[in-house]
Number of protein chains: 2
Amino acid sequence: MMYVLFEGIDRAGKSTQIELLKRALPDALFTKEPGGTPLGKRIREIILHTQNPTPLAEVFLFLADRAEHIQKIIRANSNKLIISDRGYISGIAYAHTKTEIPLQKLCWLNSIAMQKTLPHKIVLLTLTTEELQRRLALHPLDNIEKRGIEYLISVQEIMKNLVIHSKIAHLIIDGAKPVKEIHQQIVAFIKDSQ
Amino acid sequence: MMYVLFEGIDRAGKSTQIELLKRALPDALFTKEPGGTPLGKRIREIILHTQNPTPLAEVFLFLADRAEHIQKIIRANSNKLIISDRGYISGIAYAHTKTEIPLQKLCWLNSIAMQKTLPHKIVLLTLTTEELQRRLALHPLDNIEKRGIEYLISVQEIMKNLVIHSKIAHLIIDGAKPVKEIHQQIVAFIKDSQ
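The next point concerns the packing of helix 6 (residues 129–136) of chain B against helix 8 (residues 149–164) of chain B. Residue and element names in this part refer to chain B. In the contact formed by helix 6 and helix 8, the axes pass within 10 Å of each other and the chain directions differ by 130 degrees. On the basis of their axis angle, the class for helix 6 and helix 8 is oblique. Helix 8 is crossed by helix 6, and the crossing has right-handed handedness. Across the interface between the two elements, Thr129, Leu132, Gln133 and Leu136 of helix 6 pack against Ile149, Leu152 and Ile153 of helix 8. When the residues that make up the contact of helix 6 with helix 8 are grouped by side-chain class, the tally is 5 nonpolar, 2 polar and no charged.

In structure tokens form, the structure reads like this:
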């Protein structure tokens, strides 16, 4: 029925919002990338447990995960409302910052992996640099976060540009707004039949 | 110094010839795809142990293995004579027969994974349909072999075309010739400084 892609950098509040959506949309199918399929879980473990995989190899591993996820989850449940935690938007943004492969090439690689199955709607949660700094200070930093705030903000910029230029219906929303307000806007956006 | 790619379908006699080359060229570095790196070994296990991965996901897994192998083995040992058991030639040929992705797209995907590091020479061992039939009858069939003789011969045809049109120095040799004769031709080809 509809494939909604949920995007945002770490700490933007995706998990909180997805938990709320699960209650608001009990019939929806919630999935994620990477790791939304058995193959994807194995790929995810490989990435976490291999010493210094080359960034390029990592890009292809994420594309393998994406190809499997699109085929086995998204296409196989095309009669449902599917909400995916991450997908090609963050895939391209992280791949570009890690490998410097041009965005156009990355879009092309992703279009092969996705076989023309694009989301119908995209929700992107964003944060200002100040808000991200504040949020990171509240948690012990994990590996991705340690790469720094500038890195995350640059990834977010790419995500934003990709979403804006995607020609897909989208909602870009400030993650610093009250949780409940964000939730209501997202539900309205998903339910909007336009 | 030199990267030699060794190609051929199963039963063409690659393993036998590579064993002989190891003795004839004791200073060469022998490697393989897939599975020539720690990441590659893990990818290989994933492919063997996942139930029905989509063929497209498999293509990207092999590309991840190739990217890692090119970077960590081929480029990291560019001062050596490197002989690789399989590489992009069989990669493209098998990917094309499994997914029907056009050869041109597959060449492009591989060029990204290989970052312009092409072999200096290619050896391709070939078999006639009759000889392949004879050889397969001598062994219990494994999964790939069961897909049939026609399949393997069609893969071999693609390999041959890729090699011929590669503009890379190559030796295409009938695997039905006496083992020693094949070996001598391969050594002469590799040592030939042209």
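Picking up after the structure, the text goes on.
Attention now moves to the interface of chain B and chain A. At the junction of the two partners, chain B supplies 21 residues and chain A supplies 21 residues. Listing elements by their share of the side of chain B that touches chain A, those giving two or more residues are helix 2 (38–49), helix 3 (55–74) and helix 5 (103–114) of chain B. In terms of residue count, helix 3 of chain B provides more of the side of chain B that touches chain A than any other element does, 10 residues in total.

Let us now look at the relation of the copies chain B and chain A. In screw terms, the move from chain B to chain A is a rotation of 180 degrees and a rise of 0.0 Å along the axis, fitting with an RMSD of 0.0 Å. Here the symmetry operator amounts to a two-fold rotation axis. Comparing contact sets, 100% of the residues at the interface of chain B also lie at the interface in chain A, consistent with an isologous, same-surface contact.

The next thing to look at is the confidence of the model for chain A. When pLDDT is averaged across chain A, the result is 94; 96% of the residues are at 70 or more. The complex model carries a pTM of 0.93, and its ipTM stands at 0.92.

Attention now goes to the sheet that holds strand 3 (residues 81–85) of chain A. All names here are of chain A. The strand order across the open sheet formed by 5 strands is 2-3-1-4-5, and the pairing between neighbours is parallel. Of all strands in the sheet, those with a lone pairing partner are strand 2 (29–32) and strand 5 (169–174), marking the two edges. Direction aside, the axes of adjacent strands within the sheet are offset by 20 degrees on average. Two strands pair when backbone bridges link them, and strand 1 (residues 2–7) and strand 4 (residues 121–126) are joined in this way by 4 bridges, in the parallel orientation. The partner of Leu5 across the bridge, within strand 4, is Ile122. Along the sheet, helix 8 (residues 149–164) makes contact with strand 1, strand 4 and strand 5, crossing strand 4 at roughly 150 degrees.

We now examine helix 4 (residues 88–99) of chain A. All names here are of chain A. Spanning 12 residues, helix 4 covers 16 Å between terminal C-alpha atoms, matching the ideal 16 Å at 1.5 Å per step. Within helix 4, 9 of the 12 residues are buried, which leaves it mostly tucked inside the rest of the structure. On its buried face, helix 4 is in contact with strand 1, helix 3 (55–74), helix 5 (103–114), strand 4 and helix 8. Positioned one or two residues after helix 4, Glu100 has a phi angle of 60 degrees, which is positive.

What follows is about the environment of A:His183. All names here are of chain A. Assignment of secondary structure puts His183 in helix 9 (residues 179–191). A C-alpha to C-alpha distance of 25 Å links His183 and Ile73, two positions 110 residues apart in sequence. In this structure, His183 is in contact with Gln17 and Leu20, ignoring residues within four places of it in sequence.

Thresholds applied
- Residues numbered from 1 in each chain as written.
- Chains lettered and ligands numbered in written order.
- Predicted model: local features only at pLDDT ≥ 70, side-chain atom pairs only at ≥ 80, totals over all residues.
- Axes fitted to C-alpha atoms, helices over the stretch in contact; angles between N-to-C directions.
- Helix = DSSP H or I, 4+ residues; strand = E, 2+ residues; numbered from the N terminus.
- Parallel < 35°, antiparallel > 145°, perpendicular 65-115°, else oblique.
- Left-handed = near helix turned anticlockwise from the far one by under 90°.
- Contact = placed C-beta atoms within 7 Å.
- Nonpolar A, V, L, I, M, F, W, Y, C, P; charged D, E, K, R; others polar.
- Least-squares fit on C-alpha atoms with pLDDT ≥ 70 in both.
- pLDDT = per-residue confidence, 0-100.
- Pairing = 2+ DSSP bridges.
- Expected span 1.5 Å × (residues − 1).
- Buried ≥ 20, exposed ≤ 12 C-beta atoms within 10 Å, placed from the backbone.

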